[in-house]
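Analysis of the macromolecular model
The residues making up each chain are set out below.
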Amino acid sequence: EQQLYAAVSAALARSPNVAFDLVGAAPATGTPEDSEAARASMERVRQSLLNMGLPTDRVSISQVTDPAIEGNEVRLYVR
């Protein structure tokens with residue numbers, strides 16, 4: 001969480017109205033359990049962002065499958 005906090009703080013310092021896209025990524029060859037695990041991890045990160053004080057309307061969430069990965073990932077993009 002410290003790295004997440006540092007990254008979010010740096011983005012907010014540059015642009016106080018910044019919003020974030022939070023994406024749970026699962027391998028394209030994964031199982032339904034992999035997709036669910038990616039979603040659960042994404043939700044934990046989302047909750048951390050909200051606990052940091054970000055309003056819900058500045059954090060969008062989505063899920064994707066990615067043939068280039070072998071394990072679940074949570075990606076955070078600045079928009």
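Notes on the structure in this doc start here. (Residues numbered from 1 in each chain as written. Predicted model: local features only at pLDDT ≥ 70, side-chain atom pairs only at ≥ 80, totals over all residues. Heavy atoms only, no water.)

In this section: the overall build of the chain. Regarding its fold elements, the chain presents two helices and three strands. Helices and strands in the chain line up, N terminus first, as α-β-α-β-β. For the chain, the spread of C-alpha atoms along the principal axes amounts to about 40 × 20 × 20 Å. Among the 79 residues that make up the chain, the fraction classed as buried is 29%. Within the chain, residue pairs in contact and separated by at least 24 positions form 75% of the contacts whose partners lie at least 6 positions apart. Accessible area for the chain stands at about 5000 Å²; split by element, carbon and sulfur atoms hold 50% of it. (Helix = DSSP H or I, 4+ residues; strand = E, 2+ residues; numbered from the N terminus. Buried < 20%, exposed > 50% of the residue type's maximum accessible area, 1.4 Å probe, protein only. Contact = heavy atoms within 4.5 Å. Areas by Shrake-Rupley, 256 points an atom, 1.4 Å probe, with all protein chains shown as cover.)

Take Arg-75: it is sitting in strand β3 (residues 73-78). Within the structure, the side chain of Arg-75 is placed 2.7 Å from the side chain of Asp-66, a separation counted as a polar contact. Residue contacts for Arg-75: discarding those within four places in its chain leaves Asp-21, Leu-22, Val-23, Ala-25, Val-64, Asp-66 and Ile-69. (Polar contact = N/O pair within 3.5 Å; in protein donor to acceptor, adjacent residues only side chain to side chain.)

So, about the pattern of salt bridges. Here the structure, examined in full by the defined rule, presents five salt bridges. Here Arg-79 and Asp-21 are joined by a salt bridge, their closest N and O atoms 2.5 Å apart. Placement of the pair is Arg-79 in the segment after β3 and Asp-21 in strand β1 (residues 20-27), with a sequence separation of 58 residues. Residue classification places Asp-21 among the partly exposed positions, given a relative accessible area of 22%. Between Glu-43 and Arg-46 there is a salt bridge, with its nearest N and O atoms 3.8 Å apart. One end of the pair, Glu-43, and the other, Arg-46, are both in helix α2 (residues 32-51), three residues apart, so they sit about a helical turn from each other. Here the residues in one salt-bridge network are Asp-66, Glu-73 and Arg-75, joined through shared partners. (Salt bridge = Lys/Arg side-chain N within 4 Å of Asp/Glu carboxyl O.)

Spatial strand order, β2-β1-β3: three strands in an open sheet with mixed pairing. Two strands bound the open sheet, and with one partner strand each, they are β2 (59-66) and β3. Ignoring strand direction, the axes of neighbouring strands in this sheet form an average angle of 25°. With six bridges connecting them, β1 and β3 associate as antiparallel partners. Within the sheet, the bridge partner assigned to Val-23 lies in β3 and is Arg-75. Strand contacts of α2: β1, β2 and β3, with the helix running at about 160° to β1, the strand carrying the most contacts. (Pairing = 2+ DSSP bridges. Axes fitted to C-alpha atoms, helices over the stretch in contact; angles between N-to-C directions.)

Read these as geometric descriptors, not functional statements.
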